[in-house]
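The primary structure of each chain is shown beneath.
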Amino acid sequence: MTFSMEQMIWQACANSCGFHLSGTVTDPATPSSPELVCSVSVSFDRCKITAVTCTCGNKDIFYCAHVVALSLYRVRKPEQVKLHLPISETLFQMSRDQLQKFVQYLISVHHTEVLPTAQKLADEILSQNSEINQVHGAPDPTAGASVDDENCWHLDEEQVQEQVKLFLSQGGYHGSGKQLNLLFSKVREMLKMRDSNGARMLTLITEQFMADPRLALWRQQGTTMTDKYRQLWDELGALWMCIVLNPHCKAEQKSSWLRQLRRWNSVDVCPWEDGNHGNELPNLTHSLPQGAHGNQEMRPHRTVFTRAIEACDLHWQDRHLQHIIASDLYANYCYHDNQEGSLFDARGWPLWHEHVPTACARVDALRSHGYPREALRLAIAVVNTLRRQQQRQLEHFRRHKKELLHKGHTSITNMEGWVGHPLDPIGTLFSTLTESGRAGEEGSNICLDLSATREDQNVKRLPPSCLFADCSSVVTRADLQRMPVQRLLGDGESYVALAVETALMGLGQQRVMPDGLYAQEKVCRNEEQLLAKLQEVELDDSLVKIFRKEAVFLLEAGPYSGLGEIVHRESVPMHTFARYLFTSLLPHDAELAYKIALRAMRLPVLESTASSGDLSRPHHIVSVVPNRYPRWFTLSHIESQQCELASTMLTAAKGDSRRLETVLESIQKNIHSSSHIFKLAQDAFKIATLMDSLPDITLLKVALELGLQVMRITLSTLNWRRREMVRWLVTCATEVGVYALDSIMQSWFTLFTPTEATSIVATTVMSNSTIVRLHLDCHQQENLASSARTLALQCAMKDPQNCALSALTLCEKDHIAFETAYQIVLDAAATGMSYTQLFTIARYMEHRGYPMRAYKLATLAMAHLNLSYNQDTHPAINDVLWACALSHSLGKNELAAVIPLVVKSVKCATVLSDILRRCTLTTPGMVSALHSRRNSGKLMSLDKAPLRQLLDATIGAYINTTHSRLTHISPRHYSEFIEFLGKARETFMMAHDGHIQFTQFIDNLKQIYKGKKKLMMLVRERFG
């Protein structure tokens, strides 16, 4: 309590009249606000505050501080609160004159407030036929309610509705989801205190949820609600389950709730249970021993309220159930557990056979309504039933094991799994048991009487002596007196151990993957929540025994276990659960830990040969959808969990070659994602090469094997990380040793593309850093280089376009290999290689000192080239200029051979004129001084071959380009065109009769394009 609250209590002044408490509370002054005096009125009835008013004006779901202060003042200082009889009793003692004086004084003091009302009441009383005179007596707000009237705590319904509406309108922002969860917690708190306002408040919340306009919008748009909002609806449905399963609920109350639930359920926008679409699961009340199935009509969709509606058919009148809940000592030690529906197990302890989620909903209802001890008793009976069921399942599978294994496929034994279930049965049992463990086995002080909760049941309350009268073999009262008070647990058991065992049973259950994104995400989320709770439990020897027992069962239980020898294709994978089991068991039983983890590695939904189910056994529920792989929305998460499990095993198996080999085989068999295999390879590499220890060569080999598998998988498919994968593999092979590098080069065609093999693999292998890293001698270097050259030549043969240059580079130091690579280029030049690739190799040849080979390749490249008249910025222009300069430097014959190729391939006038000018120079500027010496002092004549042919072609190109440009020219390009003609004139002037030719050319233009008057005027101004 804050200091301000204490001050308010001390500064309160109270007066009590009957069942009405009124007074003033002084709110102390603060630096930002003055002192505030509030008038407070509180009505109460049978230990409950039924109405409050306060002049502070604060609006909230909860009582304001002033109401709390006045109430605490009355509790803490009863002697300072003057008590008065109800006002009706005081008035009864007055004479007529006193009554008249009382009324007149009251009107005089508060004449502005009460005078209109007083006059109205006086008129009605004086009228013989008025309604007020038809009723005997008068109301007294201070006298309290009638004994038959229902009394409940004050709840400001309007404020509840406004607050919920406000939180919903914020759409998940400003912590509105947290505020709504706090409201749900408040409802649970009310239920625990048996406050009838709990159901009222939940009704108000539900009405606002159903009125949320986003529901209709999402339905129209076909979009799903947000995950957090969806979880709020789940909690809403779970709370209604608790409400309708109230053990003390009256029949008329339940009927009223049922009508409400059906009304909400019939609304079109009511959210569906699986978050996406309906499914046809069995009715909630199936398999009940009491046979109350209710309405069996299948609905098209199961909404969040469907289970609560079905739960309205449940009751608490089963005698066996009553005995379980009523006593810690209910048992039958003479009972023979040999029937399917036995009421007791082999120890004589009670069992409760019911649809497991329904039974757990009962447990949750008992806890929620303030009966923790009764909830614990029923929870233990349910767990004992699950234990017995587990043992029966194991025995059944062992009898039919050979038959099932021979068929090679199995079926799902539970279509509705316990983990991820809307009612969270395993989470309920776990919480009930662990809370009891933390509470030190403290029992509830309140006994639950279930004998009169249904008026339509002719069941009388049983006296304690009759609780055990059903069977003569049940323990007697004398036996009970000799037994210990706490007998819910067996020898050596604890609530925490029982909770852990229950969680392991639920998590290991083989169950079908549900439909819909939300339902599948809920399975993952619920599993992670349970594992998080388990991880908070510190393992001791007794818990390790439970882990061992459950692990063995999971391995041997066949179709009843998600870790059985054969699982259904549609079953939920066990990777996350198995990783927890593995890490928990590893320090205590490594062999069992690895068996569990290796068994869990499989992912049948990705196996194309997986069977869709066993239809031959009628007691098995079989998947109704033979192939749901495209609808496994959480598959990426599942595969990542599979990868995490494998990584955990690799880390643990470091230094153990046998284990590593087994884990490697499992990864190669079960993981189908190249990115996850690559991640595992990287993880293994990191673990093997930790800085604080020597490299683990076995683990390095595992990393290499995984990397090789990635290479094979991604060789023929697109993967944006492919280059990273190839570089990493070479790094890994380098760490393994020279033989690994040689091996990947020998089998390169199964791992790499030719480009990858030459540009990344062979180049990295022959780098100085690799040689230094491996500490190779000369002989080893030569052997490695020989393998790299062989690889390069093979790649060049297979893909000369992309690998020829790399092959030449890698073969530089070996004459024979270099000549072979050059010949491969020549052979491929005529057909398979582009001019760009040939020019690149030609430049390389010139750079390496082979000008004649460069010239040869340049001529081959020219044969593939075609430059049109308007391609004056083509990237190949520099290559053409370089080729002509190289030819010029080699001599007249070479230039004479190239110019016809240039004339044939290049139609761009500006490019041809540039080549023409360069060829008239004595020493070309783009070649080395080594070759320029051959042409020293020689001037090429434009009137003779080979330049005459080039000059004519250039002039012709200018003429053709001019006509082409004039066809579609616009005024804004006129100045640019005049400049172009200026360049053309310079080329014309290089011929001996160039002046005449250009004049004729201009005259011809004036005649042909005389319609373009402005342009022709500009031509005359410039060229005459």
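Residues numbered from 1 in each chain as written. Predicted model: local features only at pLDDT ≥ 70, side-chain atom pairs only at ≥ 80, totals over all residues. Heavy atoms only, no water.

### Regarding the overall build of the protein
Point 1. For the protein, the helix and strand inventory stands at 43 helices and 5 strands.
Point 2. Of all 1024 residues assigned to the protein, the portion counted as buried reaches 49%.
Point 3. Within the protein, residue pairs in contact and separated by at least 24 positions form 73% of the contacts whose partners lie at least 6 positions apart.
Point 4. When the accessible surface of the protein is split by element, carbon and sulfur atoms take 54% of a total near 50,300 Å². (Helix = DSSP H or I, 4+ residues; strand = E, 2+ residues; numbered from the N terminus. Buried < 20%, exposed > 50% of the residue type's maximum accessible area, 1.4 Å probe, protein only. Contact = heavy atoms within 4.5 Å. Areas by Shrake-Rupley, 256 points an atom, 1.4 Å probe, with all protein chains shown as cover.)

### A look at the packing of aromatic side chains
Point 1. Under the definition given, this model contains 19 aromatic pairs.
Point 2. With a centroid separation of 5.5 Å and an interplanar angle of 55 degrees, the aromatic rings of Trp240 and Trp264 are classed as tilted. Here Trp240 is found in helix α10 (residues 227-244), whereas its partner Trp264 is found in helix α11 (residues 251-265), with 24 residues between them in sequence. For the pair shown, Trp240 and Trp264 are each scored as buried.
Point 3. Their ring planes at 65 degrees and their centres at 5.4 Å tell us that Phe988 and Phe998 sit as a pair that is edge-to-face. (Phe/Tyr/Trp six-rings, centres within 6.5 Å; stacked < 30°, edge-to-face > 60°.)

### Considering the environment of Asp212
Point 1. Relative to the helices and strands, Asp212 is located in the loop between α8 (197-210) and α9 (213-221).
Point 2. Along the chain, Asp212 and Lys165 lie 47 residues apart, while their C-alpha atoms are 7.8 Å from each other.
Point 3. Discounting chain neighbours no more than four positions away, the residues touching Asp212 are Leu168 and Tyr229.

### A closer look at the confidence of the model for the protein
Point 1. On average, residues of the protein score 80 in pLDDT, and 81% of them are at 70 or above.
Point 2. Contacts for the low-pLDDT stretch residues 277-299, under 50 throughout, to residues beyond four places or in other chains number 57 contacts.
Point 3. Scored below 50 in pLDDT, residues 441-446 shows 13 contacts in the model against residues more than four places distant or in partner chains. (pLDDT = per-residue confidence, 0-100.)

### Describing the layout of surface pockets
Point 1. Empty space within the second largest pocket amounts to approximately 1,400 Å³.
Point 2. Along the wall of the second largest pocket there are 47 residues; nearest its centre are Arg188, Glu235, Ala238, Asp424 and Gln529.
Point 3. Of all elements in the fold, only α6 (157-169), α7 (176-192), α10, α14 (356-368), α15 (372-407), α16 (425-438) and α19 (517-535) reach the threshold of two or more residues within the lining of the second largest pocket.
Point 4. By residue number, the principal contributor to the lining of the second largest pocket is α7, which donates 8 residues.
Point 5. Of the residues assigned to the lining of the second largest pocket, the class counts are 13 nonpolar, 17 polar and 17 charged. (1 Å grid on protein atoms, 1.4 Å probe; cavity = no way out; pocket = protein on both sides within 12 Å on 5 of 7 lines; lining within 4 Å. Points joined across faces, edges and corners; volume = space filled by probe spheres on them. Nonpolar A, V, L, I, M, F, W, Y, C, P; charged D, E, K, R; others polar.)

### Looking at the side chain of Glu416
Point 1. Inspection of the secondary structure puts Glu416 in the loop between α15 and α16.
Point 2. According to the relative accessible area criterion, Glu416 is buried, its value standing at 11%.

### Some thoughts on helix α22 (residues 590-600)
Point 1. Among the residues of α22, Leu592, Ala593, Tyr594, Ile596, Ala597 and Ala600 are the ones counted as buried.
Point 2. Each element contacted by the buried residues of α22 is listed here: α20 (541-556), α21 (575-585), α23 (635-652) and α24 (657-670).

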